[in-house]
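Structural description and commentary
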Amino acid sequence: MSACGTKAVSVIGFIGSVFSPWYKWSGRRDPANHCCINVATYGKGGRFTMTDRGRDALRTSVDTLQVGPSEMHWDGNKLIISINEISSLPLVSRVRGTITVTPKAITSVELALTEDGAHIWRPFAPDSDISVALEAEGWQWDGHGYFDANFGTRALETDFSFWTWGRYPTAAGATCIYDAQRRDGTVIDTAIAFDRTGAAQLIDAPPAVPFKRSLWQVKRTTRADVGVVPKQVLPMLDAPFYSRSAVQTQINGEVVTGVHEALDLDRFRSPFLKPMLACRVPRRAAWAW
């Protein structure tokens with residue numbers, strides 16, 4: 001997010017593009033044949049790019065993930081993301097430039113989201129600086145950022161029905177919240193506070209509080225002190241099964257604004273949704289270096 005709070009970016013590198021209809025239709029047997037660097041910019045002039053690419057577009061090394069024309073490279077101190085993508089309908093245009101994420105510290109935290117470890121969340125750098133330099137007017141700015149990873153050996157909708165996640169910068173560092181409903185009836189209700197050194201501590205966050213649903217009526221909750229109703233302050237991504245937005249809330253007496261996500265996996269598993277997604281997620285199987 002920008003320091004002024006009016007702009008934001010998200011970048012996700014996929015090997016096995018979990019939200020791609022093409023990956024689902026393929027039977028999800030070959031993750032490397034459905035790779036992607038998804039880039040979305042939020043605020044005035046925002047764009048969305050998510051091209052599902054074949055295995056010929058994928059190159060990996062210890063410190064680099066390259067998918068076709070875009071890549072993420074770790075230089076030992078920071079993550080440098082080089083972007084060269086085409087945004088999807090209805091605002092088709094090139095999205096090109098560099099985003100640099102500089103962690104204040106790297107954590108050692110790893111959270112199993114299921115008891116058998118089929119899904120793992122790894123918050124590498126919950127508290128980071130970010131510098132954005134895209135080739136578009138007004139898209140050169142600095143702010144605060146976040147860098148994590150998720151790993152899974154089963155489809156998300158197989159094990160979960162709904163989840164919300166939030167990352168809120170605090171005076172001491174950042175607080176991350178994971179609340180999820182598993183299909184076996186159990187829940188995740190985890191809140192972790194990270195300090196500037198990357199040290200992590202489980203905290204007793206206040207209860208989950210519902211707030212206004214998204215434009216697609218996806219239900220949303222996050223943690224908030226008694227009597228406080230969270231509110232959206234910057235719209236980001238709004239889909240029939242998914243919401244991402246900047247949300248203001250109050251946690252243990254501190255007013256915070258961070259990125260919030262809500263994911264309705266009952267909706268996502270519907271076969272009727274996949275053709276809609278294909279309009280926003282084009283497939284480009286071939287690639288030549």
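The notes below deal with the structure included here.

**With respect to the sheet that holds strand β16 (residues 200-202)**
Strand pairing in a sheet takes place through backbone hydrogen bonds and is either antiparallel or parallel in direction. Pairing in this open sheet of seven strands is antiparallel, and the strands run β16-β15-β14-β13-β21-β20-β19 from one edge to the other. At either margin of the open sheet sits one strand with a lone partner, and together these are β16 and β19 (231-238). The mean inter-strand angle of the sheet, taken between neighbouring strand axes irrespective of direction, is 20°. Pairing analysis gives six bridges linking strand β13 (residues 160-169) to strand β21 (residues 254-264), with the strands arranged antiparallel. Each residue of the ladder has a partner; that of Trp165, found in β21, is Glu261.

**Description of a nonpolar patch on the surface**
On the surface, Ile86, Leu89 and Val92 cluster together to form a nonpolar patch covering roughly 280 Å² of accessible area. Summarising the element assignment, Leu89 is placed in the loop between β8 (79-86) and β9 (94-103).

**Section: the pairing of β9**
Relative to β9, β8 is paired through eight bridges, and the arrangement is antiparallel. Paired with Ile86 across the strands is Arg94, a residue of β9. For β9 and strand β11 (residues 119-134), the ladder comprises seven bridges, and the chain directions are antiparallel. Within the sheet, the bridge partner assigned to Thr98 lies in β11 and is Ala133.

**Quick word on the nonpolar core**
Ranked by size, the top nonpolar core spans 38 residues in total, and within it Trp121 and Phe241 carry the most contacts. Residues within four places of Trp121 in sequence aside, it is in contact with Val109, Glu110, Leu111, Leu113, Tyr146, Asp148, Ala149, Asn150, Trp165, Cys176, Tyr178 and Ile192.

**Topic: unusual backbone geometry**
Here the phi dihedral of Arg28 falls at roughly 55°; this positive angle occurs in a residue that is not glycine. Within the element layout of this structure, Arg28 appears in the loop between α1 (21-25) and β2 (35-42). One non-glycine residue, Gln217, adopts positive backbone phi at about 65°. Take Gln217: it is sitting in the loop between β17 (208-211) and β18 (220-223).

**Looking at the pattern of salt bridges**
The final tally for this structure, using the stated rule, is 15 salt bridges. Arg96 is paired through a salt bridge with Glu135; the nearest N and O atoms lie 3.0 Å apart. Of this pair, Arg96 sits in strand β9 while Glu135 sits in the loop between β11 and β12 (140-152), and the two are 39 residues apart along the sequence. The class of Arg96 is partly exposed, set by a relative accessible area of 36%. With a relative accessible area of 57%, Glu135 lands in the exposed category. Residues Asp127 and Arg196 are paired through a salt bridge, measuring 2.5 Å at the closest nitrogen-oxygen approach. You can see Asp127 sitting in strand β11 and its partner Arg196 sitting in the loop between β15 (187-195) and β16, a full 69 residues away along the chain. Looking at Arg196, the relative accessible area reads 37%, which means it is partly exposed.

**Thoughts on the environment of Arg244**
The topology assignment puts Arg244 in strand β20 (residues 242-251). Residues Arg244 and Val95, spaced 149 residues apart in sequence, show a C-alpha to C-alpha distance of 20 Å. Here Tyr242 takes part through its side chain, which lies 2.9 Å from a polar atom of the side chain of Arg244. Reaching out from Arg244, the side chain makes a polar contact with the side chain of Glu261 at a distance of 3.1 Å.

Thresholds applied
- Residues numbered from 1 in each chain as written.
- Predicted model: local features only at pLDDT ≥ 70, side-chain atom pairs only at ≥ 80, totals over all residues.
- Heavy atoms only, no water.
- Pairing = 2+ DSSP bridges.
- Helix = DSSP H or I, 4+ residues; strand = E, 2+ residues; numbered from the N terminus.
- Axes fitted to C-alpha atoms, helices over the stretch in contact; angles between N-to-C directions.
- Patch = residues over 30% accessible without salt bridge, like charges linked within 9 Å, V, L, I, M, F, W, Y side chains within 5 Å.
- Areas by Shrake-Rupley, 256 points an atom, 1.4 Å probe, with all protein chains shown as cover.
- Salt bridge = Lys/Arg side-chain N within 4 Å of Asp/Glu carboxyl O.
- Core = buried A, V, L, I, M, F, W, Y, C linked by side-chain atoms within 4.5 Å.
- Buried < 20%, exposed > 50% of the residue type's maximum accessible area, 1.4 Å probe, protein only.
- Contact = heavy atoms within 4.5 Å.
- Polar contact = N/O pair within 3.5 Å; in protein donor to acceptor, adjacent residues only side chain to side chain.

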